[in-house]
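# Structural overview for review
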Amino acid sequence: MTTTHDEHEVTVEPRFVIKPKDINEEISWAQINEDVLRSLERPRPLYWIIFFGSLGLFCWGIYCEIYQYQTGLGVAALENPQMWGLYIATFIFWIGMSHSGTLLSAILLIMHADWRKPIYRFAEAMTTFSLMTAGLFVLVHLGRIWQFYYVVAYPNERWAWPNFNSPLAWDATAIGTYLTTSIIFLYFGMIPDLAICRDNATGFRRTFYVVMSLGWKGTDWQWANFRVTYLTLACLLIPLAVSVHSIVATDFAVSQQPGWHTTSFPPYFVAGALYSGCAAIITLFIILRYTFRFEQYMTIPILEKLCKLTFAISMIWTYLNFVEYASVWYGTDEYAKQALIYRATGQYAGWWWAMNILGSIVPFALTFKALRTHIPSMMVVSLLLNLGMWIERFMIVTPTFAHGYYPWTWTDHWWPNWVQVGLILGSFGWFTMLFMLFCKIFPSVSMYEVKEMVYHRARARKAPAPQPAQIPRPAEG
Amino acid sequence: MSFDNLFSNWSKLRQRRPQADQYEEAPYKWAMVIDLDACMGCNACTTACYAENNLAVVGKERFGAGQAMHWLRIERYWGEGTELTQEFPEQGAQFLPMLCQQCEAAPCEIVCPVGATHHTADGLNSQVYNRCVGSRYCSANCPYKVRYFNFFNYPDSAWPSPLEQQLNPDVTVRTKGVMEKCTFCVQRLTEAKSKARTEHRLVRDGEVLTACAQACPTSAIHFGNLADSSSQVARMWKAQQVQLSAYPQKKNGQIEETERLGEQVEFAPYPQKKDEQKEETEQLGETREKLRGYRVLEDLRTYPSVVYLERLRSTEV
């Protein structure tokens, strides 16, 4: 930065020197368009393996659901007192997954963290689809799915409202609002990119993108309105995201059961949600990077930043987890203490310890640069973290049912059967299928924001002559 | 549907919540006393309940899987150090009939998303099958786990023809996916109340009994109207010094002035008061036998409507 090409150039102080680049700044705008639009055409074969694999899982889940619907919930090994099984645990898991999309797309937008730009689009899509999956779990869990609309608060001719005291009625409202806002936010942020797709498409695809891009021309007036609206939506989405998982936490905190009746649950759940969501973003980052040849955009520096963010959140989660244990341990509620001891030593002790190790110790792998930059290791670590967070939800729900207040109902034998496991696998299939379809139909990297990145950097650096590209473009095929 | 209707409907929402001194002037408050000293675990009450309330017989396999539908169950407990013999495994067992406690501050009521379980004016914790969507949150929050879920469509299998002929026509048969629980035989109560109303009087003590109370051979289960201070149940509750609700009690039909101003409101939650009374009676040298009433998991402040009388009889008898 010390060499000057222009005698009027001011020497840049070291603290203003731009840090290692997130993406190669020498990519031209046309190149960005070409690369991203290519993802809508022919992905690598792995894409189809994942897509059809998840379609198969989804069909299996549909079969399980039809069987359960026709026969009754008893086929899912539910019993008294194990009334919820894995459905609610997995519901919380999916709700949690949905939070990091908002973190990346809205919170980091407001904080002007530029590195989010190439990856926020798919994170936001992950938010939407995991919320849909979570909604499915609420339905699958109901004894009478066909009456689910009783839970929704809407004026009706029967004058029958839901019970507004119940956290489940709050849930229905909060999730509905969050899902609607997420879809609008995702779609709205995509409009300029859809216009690019429209300009490059032919045939029925063109018709589709013409409709979807809502007549976007890219005029100054449109951009000005777009910016304001997008920022407003982002500001609206952030409190919604926090409130949704807080409300899911109140499903437990409001109830009276030992192990659930904890005031620290809402922040604990939000931290857990961000944690599992970040881990899921790392997983999808790696998959997309490979299948759609996004090596230019989903770069190692961005992965590193994502890993650091995940590590920070994992430590917050660890702290809140510890706070929960400590407040129970030093509290006066003997039942809650017994429930905690049961978790650590009872039937599900192995899972409890696995959760603590996966959730609090494995993230320390993220502190090593060698691991952070090694993609296969990151795949393994992110999957492990997500497994740990799923077990966390399992450990919140199940042991309390197994070891509640009333000794006569203590059970030690409960275990889910194939219907429950099938439905959970089916939900993963449904999510992955939708996500993969999304990435094939819509641009999963935000073209216009990546262009901003390149543009701003080029202007900010100003002085030095263009340097050769540091990140080689991948070979075709 | 007009907006006027809509808003008036909003304003009436949950007006029927249990309120302070709701039963001071109410005609009915159904309650129960179960004398564990008299209970010998014969299961007659359970059988009567099955017959009265159209409970599905689920079969051995589903019973073992925890999917039984017994609204009233006899629990067996063995004291610490009891040796269980192969020959007489029941020996030394103590019994506790457990049914829905019809709590005044019921944990199940606040969490039901659709309000399918709610409090009736005569103190019952009722379950509306038509409204239930089967979220099972009520069961999750019930400390006693006395709510039973229709995991299967039991009417298909529980009463093969001609057994359906013995179903009680006053009680519905529940479909799959709804929660159900002890109703204190609400069909009998409704019938007795309407009969009394046609005769312009209140239901007399002993005029109506739940099926379990009727079937109990040792009269361990007492059922009656707590609002009627001369009823047997009310006298037993009073003798055991069980206070119904946590709210300040009315004196002469009115809350005292100081209490109304909130200056010296002494909430006298029942357990403390009972402990005080217990200490007093013990100081007076009286035996503890006179005060053996308790409610299950009282410290959760659910205020159940069922009082159990402690067992004093030794196991050898």
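Remember, predicted model here, so these are calculated numbers, not experimental data.

## A closer look at the overall build of chain B
For chain B, the count of helices and strands is ten helices and ten strands. Put simply, of all contacts in chain B between residues at least 6 apart along the chain, 66% involve residues at least 24 apart.

## Examining the overall build of chain A
Counting its regular elements, chain A contains 16 helices and zero strands. For 477 residues, the compact-globule estimate of 2.2 N^0.38 gives 23 Å, and chain A sits close to it at 24 Å. Taken along the three principal axes of its C-alpha coordinates, chain A extends 85 × 50 × 40 Å. By the burial criterion, 47% of the 477 residues in chain A qualify as buried.

## What about the packing of helix α3 (residues 85–97) of chain A against helix α5 (residues 120–141) of chain A?
All names here are of chain A. Interaxial distance between α3 and α5 falls to 7 Å at its minimum, and their mutual angle equals 165°. By the angle class used here, α3 and α5 are roughly antiparallel. For the pair α3 and α5, the crossing hand works out as left-handed. Here Y87, I88, T90, F91, W94, I95 and M97 of α3 lie close against α5, whose contacting residues are M126, S130, T133, A134, F137, V138, V140 and H141. Of the residues belonging to the contact of α3 with α5, the class tally is eleven nonpolar, four polar and no charged.

## Focus on the interface of chain B and chain A
On the side of chain A, 36 residues touch chain B, which itself brings 38 residues to the contact. Secondary structure elements with two or more residues in the side of chain B that touches chain A: α1 (3–11), α4 (107–111), α5 (137–141) and β6 (148–149) of chain B. Ranked by the residues each element gives to the side of chain B that touches chain A, the list is headed by α5(B), at four residues. Looking at the side of chain B that touches chain A, its residues break down into 22 nonpolar, eleven polar and five charged.

## Topic: unusual backbone geometry
Following A:N80, the chain continues into A:P81 via a peptide bond in cis, with omega recorded as 10°. Here A:P81 is to be found in the loop between α2 (45–71) and α3. In this model, B:H200 sits at a positive phi of 55°, which is unusual for a non-glycine residue. Looking at where B:H200 falls in the secondary structure, it is placed in the loop between α6 (186–198) and α7 (211–215). Phi is positive for B:L297, which is not a glycine, with a value near 50°.

## Brief notes about the nonpolar core
Residue and element names in this part refer to chain A. Of all hydrophobic cores here, the largest spans 194 residues; its most connected members are M126 and I281. Considering every element that reaches this core, the biggest residue donor is helix α9 (residues 265–291), with 16 residues. Membership of the second largest hydrophobic core comes to seven residues, among which are A336, A339, L340 and Y342.

## Quick word on α5(A)
The periodicity of an α-helix, 3.6 residues per turn, causes residues three or four places apart in sequence to face the same way. For α5(A), spanning 22 residues, the distance from its first C-alpha to its last is 31 Å, which sits close to the expected 32 Å at 1.5 Å a residue. The buried fraction of α5(A) amounts to 19 of the 22 residues, a majority that puts the element mostly inside the structure.

## Description of the confidence of the model for chain B
Chain-level statistics for chain B give a pLDDT mean of 79 and a share of 75% at 70 or above. Segment residues 246–273 of chain B: pLDDT under 50, and 29 contacts once partners within four positions in sequence are set aside and those in other chains are kept.

## Side note on the sheet that holds strand β10 (residues 306–309) of chain B
All names here are of chain B. With respect to topology, four strands assemble into an open sheet ordered β8-β1-β10-β9, the strand pairing being mixed. Either end of the sheet is taken by a strand with one partner, and the two such strands are β8 (221–225) and β9 (293–294). The pairing of β9 with β10 spans two bridges and is antiparallel. Following the sheet pairing, Y294 is matched in β10 by Y308.

## Considering the environment of A:V381
All names here are of chain A. Checked against the element boundaries, V381 lands in helix α14 (residues 375–402). Taking the C-beta count within 10 Å as the criterion, V381 has 23 such neighbours and is therefore assigned buried. Not counting residues up to four positions away in its chain, the partners in contact with V381 are V362, A365, L366 and L371.

## Quick look at the pairing of β10(B)
All names here are of chain B. Burial along β10 is two-sided: V306 and Y308 facing one way and V307 and L309 facing the other are all buried. With four bridges connecting them, strand β1 (residues 30–35) and β10 associate as parallel partners. In the sheet register, D35 faces β10, and the bridge partner there is L309.

## Quick word on the environment of B:S231
Structurally, B:S231 can be placed in the loop between β8 and α8 (232–239). Contacts of B:S231, omitting those with residues within four sequence positions, involve B:D205, B:G224 and B:N225.

## Remarks on the packing of α9(A) against helix α10 (residues 300–329) of chain A
Residue and element names in this part refer to chain A. Where α9 contacts α10, the two axes come as close as 9 Å, and the packing angle between them is 155°. Classified by the angle between their axes, α9 and α10 sit roughly antiparallel to one another. As α9 packs across α10, the resulting crossing turns out to be left-handed. Counted together, P267, Y268, A271, G272, L274, Y275, C278, A279, I281, I282 and F285 of α9 and L303, L306, C307, L309, T310, I313, S314, I316, W317, L320, N321 and E324 of α10 form the full contact between these two elements. Classifying every residue of the contact of α9 with α10 gives 18 nonpolar, four polar and one charged.

## Considering the environment of A:G72
Examined against the element boundaries, A:G72 turns out to sit in the loop between α2 and α3. For A:G72, a count of 23 C-beta atoms within 10 Å gives the class buried. For the pair A:G72 and A:A234, spaced 162 residues apart in sequence, the C-alpha separation works out to 42 Å. For A:G72, the residues in contact, after removing those within four places along its chain, are B:F151, B:F152, B:N153, B:K176 and B:G177.

Rules used throughout
Residues numbered from 1 in each chain as written. Chains lettered and ligands numbered in written order. Predicted model: local features only at pLDDT ≥ 70, side-chain atom pairs only at ≥ 80, totals over all residues. Helix = DSSP H or I, 4+ residues; strand = E, 2+ residues; numbered from the N terminus. Contact = placed C-beta atoms within 7 Å. Rg over C-alpha atoms; globule rule 2.2 N^0.38 Å. Buried ≥ 20, exposed ≤ 12 C-beta atoms within 10 Å, placed from the backbone. Axes fitted to C-alpha atoms, helices over the stretch in contact; angles between N-to-C directions. Parallel < 35°, antiparallel > 145°, perpendicular 65-115°, else oblique. Left-handed = near helix turned anticlockwise from the far one by under 90°. Nonpolar A, V, L, I, M, F, W, Y, C, P; charged D, E, K, R; others polar. Core = buried A, V, L, I, M, F, W, Y, C linked by C-beta atoms within 7 Å. Expected span 1.5 Å × (residues − 1). pLDDT = per-residue confidence, 0-100. Pairing = 2+ DSSP bridges.

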